[in-house]
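# Summary of the model geometry
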Amino acid sequence: MAIRIITADERLSAASNKTSFAIFGVPGVGKTSLLKTLPPDRTLCLDLEAGLKSVQDWRGTSIPIRSYLDFRDLVVLISGPDPAVHPTATYGEAHYQHVRASHADSGLEAFLASKPILFVDSITDLSRQVMTFARQQPEAFSERTGKPDVRGAYGLLGREVIHALKLLQHAPGKTVIFVGVLEKVTDEFNAVTWQPQMEGAKIGRELPGIVDQVMTMHFFDSTSDGGFAFNEKGEHRRLVCRAGNPWGLPAKDRSGRLDPTEPPDLTALFTKINAPGTAAATA
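Presented here is an overview of the structure given in this document. (Residues numbered from 1 in each chain as written. Predicted model: local features only at pLDDT ≥ 70, side-chain atom pairs only at ≥ 80, totals over all residues. Heavy atoms only, no water.)

### Observations concerning the side chain of Gln169
With respect to the helices, strands and loops of the structure, Gln169 is situated in helix α6 (residues 150-170). Judged by relative accessible area, which is 15%, Gln169 ranks as buried. Sequence-distant contacts of Gln169, that is, excluding residues within four places in its chain, are made with Lys18, Ser20, Ile210 and Asp212. (Helix = DSSP H or I, 4+ residues; strand = E, 2+ residues; numbered from the N terminus. Buried < 20%, exposed > 50% of the residue type's maximum accessible area, 1.4 Å probe, protein only. Contact = heavy atoms within 4.5 Å.)

Next comes the structure, spelled out in structure tokens:
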């Protein structure tokens, strides 16, 4: 593969053309309803949890995915082959050509190319599907005894999910939104932490380094000065966008253009992130 030199103009154009998000929220906060804030003609939902009942009136399209092998095929069709792997390996050139040939008469490849926004619902269920797959692979069994090897299964789980997410993140011209469940963890000293709910710790550790934006969707109350106060039973839903926030919620703003919390409107966020010269508030 030839090494390309990217000019500043090309880099800026590409940056405004795509953004990757990971958005986590507690059950019932309305993560899937974020679909309604996206343009339906430009958005495709990859539905891994059969959870679209809450957005039945959304006019966009979705693809239900019930096995990791199907998800893997969609990833390579969307992103193209991974130049870093052997041509015969998963996500290699042979895999890509096989999937293209398998769906040549369906129009699937052209349909995927026509949707610049991918909404993956949810990364929590993706990790569960991959774990089911991983437990059936040779790496999940001891070579010496033939018995199940949990460490081997979790190692494969982490590698598979991270590889798939990286490929989607690099897909040309695609804005990718991964949503997942947020879990409240209280330790023996009653200290509370919030973390993504997924199989395997590796995915949660590495995901923030893959995507551009990490956000937590949670409940807030309005304050007398026009601001918002965190309240797990509050009346307002907000997206927490800044790392180091006072509530210890997972967040990261690589753009530097978002306020500490924002309304749950993804189209408005795209506009704000990509608007030249936008400055975020500091409080």
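There is more to say after this.
### Some words on the environment of Ser79
Relative to the helices and strands, Ser79 resides in helix α2 (residues 68-79). A C-alpha to C-alpha distance of 33 Å links Ser79 and Gly244, two positions 165 residues apart in sequence. Ignoring any residue separated from it by four or fewer positions in sequence, one finds Ser79 in contact with Leu167, Ala171 and Pro172. Here the side chain of Ser79 touches Val75 through a polar contact of 2.8 Å, landing on its backbone oxygen. (Polar contact = N/O pair within 3.5 Å; in protein donor to acceptor, adjacent residues only side chain to side chain.)

### Focus: the nonpolar core
If you look at the biggest cluster of nonpolar residues, it comprises 77 residues, and the most contacted ones within it are Ile23, Phe71, Phe119, Leu168, Ile177 and Leu266. The biggest single contributor to this core is α6, with 9 residues. Apart from residues lying up to four places away in sequence, Leu168 is in contact with Phe71, Val75, Ile78, Leu118, Val120, Val176 and Phe178. (Core = buried A, V, L, I, M, F, W, Y, C linked by side-chain atoms within 4.5 Å.)

### Some details on the packing of α6 against helix α7 (residues 201-210)
In the contact formed by α6 and α7, the axes pass within 10 Å of each other and the chain directions differ by 15°. Taken together, the axis directions place α6 and α7 in an arrangement best described as roughly parallel. When the axes of α6 and α7 are compared, the crossing they make is right-handed. Contact with α6, carried on its side by Leu157, Gly158, Arg159, Val161, Ile162, Leu165, Lys166 and Gln169, involves Lys202, Ile203, Glu206, Leu207 and Ile210 of α7 and no other residues of that element. Partitioning the contact of α6 with α7 into residue classes produces 7 nonpolar, 2 polar and 4 charged. (Axes fitted to C-alpha atoms, helices over the stretch in contact; angles between N-to-C directions. Parallel < 35°, antiparallel > 145°, perpendicular 65-115°, else oblique. Left-handed = near helix turned anticlockwise from the far one by under 90°. Nonpolar A, V, L, I, M, F, W, Y, C, P; charged D, E, K, R; others polar.)

### Overview of the packing of aromatic side chains
Within the structure shown, the criterion is met by 6 aromatic pairs. Considering the side-chain rings of Phe220 and Phe230, the 5.6 Å spacing of their centres and the 70° angle between planes classify their relative orientation as edge-to-face. Of this pair, Phe220 sits in strand β7 (residues 213-222) while Phe230 sits in strand β8 (residues 228-230), and the two are 10 residues apart along the sequence. With relative accessibility at 0%, the residue Phe220 sits in the buried group. (Phe/Tyr/Trp six-rings, centres within 6.5 Å; stacked < 30°, edge-to-face > 60°.)

### Considering the packing of α2 against helix α5 (residues 123-134)
As a packed pair, α2 and α5 sit with axes 9 Å apart at the nearest point and diverge in direction by 115°. Comparing their axes, α5 and α2 come out roughly perpendicular. Between α2 and α5, the residues in contact are Tyr68, Leu69, Phe71 and Arg72 and Leu126, Gln129, Val130 and Phe133, respectively. Split by residue class, the contact of α2 with α5 holds 6 nonpolar, 1 polar and 1 charged.

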